[in-house]
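Chain by chain, the residues run as shown.
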Amino acid sequence: MSTLIIHPQDSTTNFLKPIYALIQDETVITGGITKSELKKLIENHDRVIMLGHGSPFGLLSVGQFPKAGNYIVDYSMVDLLSQKTDNIYIWCHADKFVKMNRLKGFCSGMFNSEVSEAFSWGYFVANTKLIDESNDLFAETVSKYVNEPLDVLYKNVLREYRVLSETNPIAKFNLERLYFKEFQTQPVNYFYR
């Protein structure tokens, strides 16, 4: 299975790199191409893994893609992404992008990966140790199962990340915002665990 990884270069999301470290037959894009070039790559790969910072409107380009505007993955990619069933969307509020566009895959909601994000959500106990512990285990666990079917990945990430969530409030927050949207013959507008 050929995998396209879209992970805009940004030191604050380097903790996500282990997710795709064990994938074979992969193309990693960190910047430097246009949306048109990216669309061709999406067409030519079996699945797409998108990682970084984002919003309900897509994956932010963080200045790494010429002429892309604020987002490198946005509504203009939905038709191509909808043709794939094994995609992974990991950025803040990716679940809203997936739901709004009736896409399929494993996705995150709001994901606290920095102390400032945790503070903005009222988690004033957050510190670098708690954040790093949460980030590292999340990436390690996803990496372990990234080559499995998405339902297997999802179940195992929930099971293994849940152990940390019992002692780490950041992991608990993030765990409660992980979703798996399965392929349905009828359009549905909900997520389930």
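It should be emphasised that the depicted structure is a prediction, and the values quoted were computed from it without experimental measurement. (Residues numbered from 1 in each chain as written. Predicted model: local features only at pLDDT ≥ 70, side-chain atom pairs only at ≥ 80, totals over all residues. Heavy atoms only, no water.)

J.: What's the story with the overall build of the chain in this structure? I'm lost.
T.: When its secondary structure is counted, the chain shows seven helices and nine strands. Since a compact globule built from 193 residues should have a radius of gyration of about 16 Å, the 16 Å found for the chain is in line with a globular shape. Each principal axis of the C-alpha atoms in the chain carries an extent, and together these give about 45 × 35 × 30 Å. Within the span of the chain, comprising 193 residues, buried residues form 52% of the whole. For the chain, the share of sequence-separated contacts (at least 6 apart) that also reach a separation of at least 24 residues comes to 59%. (Helix = DSSP H or I, 4+ residues; strand = E, 2+ residues; numbered from the N terminus. Rg over C-alpha atoms; globule rule 2.2 N^0.38 Å. Buried < 20%, exposed > 50% of the residue type's maximum accessible area, 1.4 Å probe, protein only. Contact = heavy atoms within 4.5 Å.)

J.: Please explain the packing of aromatic side chains as it appears in this structure.
T.: To describe a pair of aromatic rings, you give the distance between the ring centres and the angle between the ring planes. Taken as a whole and assessed by the stated rule, the structure comprises ten aromatic pairs. Note on F119 and F124: the rings are 5.9 Å apart at their centroids and 45° apart in plane angle, and the pair reads as tilted. Ring pairs connect the aromatic residues Y89, W91 and F97, which therefore count as one cluster. Stacked on the ring of F173, the Lys or Arg R177 has its end atom at 3.6 Å from the ring centre. (Phe/Tyr/Trp six-rings, centres within 6.5 Å; stacked < 30°, edge-to-face > 60°. Lys NZ or Arg CZ within 6 Å of the ring centre and 35° of its normal.)

J.: What is the right way to read the pattern of salt bridges from this model?
T.: A complete count under the given rule lists six salt bridges for this structure. For the salt bridge of E160 with K144, the shortest nitrogen-to-oxygen distance reads 2.8 Å. Taken together, the residues E160 in helix α6 (residues 150-165) and K144 in helix α5 (residues 128-145) connect sequence positions 16 residues apart. A residue is classified by how much of its surface remains accessible, and E160, at 16% relative accessible area, is buried. On the accessibility criterion, K144 (46% relative accessible area) is partly exposed. Here E160 ties to R159 by a salt bridge, and the two come within 3.5 Å at their closest N and O atoms. When its relative accessible area of 45% is taken as the criterion, R159 is described as partly exposed. (Salt bridge = Lys/Arg side-chain N within 4 Å of Asp/Glu carboxyl O.)

J.: Looking at this structure, I do not really get the sheet that holds strand β9 (residues 178-181). What am I missing?
T.: Two pairing modes exist for strands in a sheet, parallel and antiparallel, and in both the strands are linked by backbone hydrogen bonds. Taken together, the six strands give an open sheet; going across it, the order is β2-β1-β3-β7-β8-β9, and neighbouring strands pair in mixed fashion. A strand with exactly one partner marks an edge of an open sheet, and here the two such strands are β2 (26-29) and β9. Put simply, the sheet's adjacent strands are angled 10° from each other on average, direction ignored. Judged from the four bridges that link them, strand β1 (residues 3-6) and strand β3 (residues 47-51) form a sheet pairing that is parallel. Bridge assignment links L4 to a residue of β3, and that residue is V48. (Pairing = 2+ DSSP bridges. Axes fitted to C-alpha atoms, helices over the stretch in contact; angles between N-to-C directions.)

J.: Help me out: how do you make sense of the nonpolar core in this one?
T.: Grouped burial of nonpolar side chains is what soluble globular proteins tend to show. Residues I19, F106, F138 and Y161 are the most contacted members of the largest nonpolar core, which totals 31 residues. Residue assignment for this core shows that the elements contributing at least two residues are β3, β7 (88-90), α5, α6, α7 (169-175) and β9. Element by element, the count of residues in this core is highest for α6, at seven residues. (Core = buried A, V, L, I, M, F, W, Y, C linked by side-chain atoms within 4.5 Å.)

J.: Whenever I open this one, the state of the cysteines confuses me. Can you help?
T.: Each disulfide consists of a covalent bond between the sulfur atoms of two cysteine residues. Per the stated rule, a full pass over the model turns up zero disulfides. Cysteine C92 remains unbridged, with the sulfur of C107 as its closest cysteine sulfur at 12 Å. Since its relative accessible area comes to 9%, C92 is described here as buried. A residue is classified by how much of its surface remains accessible, and C107, at 0% relative accessible area, is buried. (Disulfide = S-S within 2.5 Å.)

J.: How should the environment of T27 be read in this particular structure?
T.: Checked against the element boundaries, T27 lands in strand β2. Separated by 127 residues in sequence, T27 and Y154 place their C-alpha atoms 23 Å apart. When neighbours within four sequence positions are excluded, T27 is seen to be in contact with T3, L4, I5 and H45.

J.: Explain α5 here, please?
T.: One full turn of an α-helix is made of 3.6 residues, so residues set three or four places apart face in the same direction. Here α5 contains 18 residues, and its C-alpha end-to-end distance of 26 Å stays within 8% of the 26 Å for a straight helix at 1.5 Å per residue. Taken together, the buried positions of α5 are L130, I131, S134, N135, F138, A139, T141, V142, S143 and Y145. Packing partners of the buried residues in α5 comprise β7, β8 (105-108), α4 (115-120), α6, α7 and β9. (Expected span 1.5 Å × (residues − 1).)

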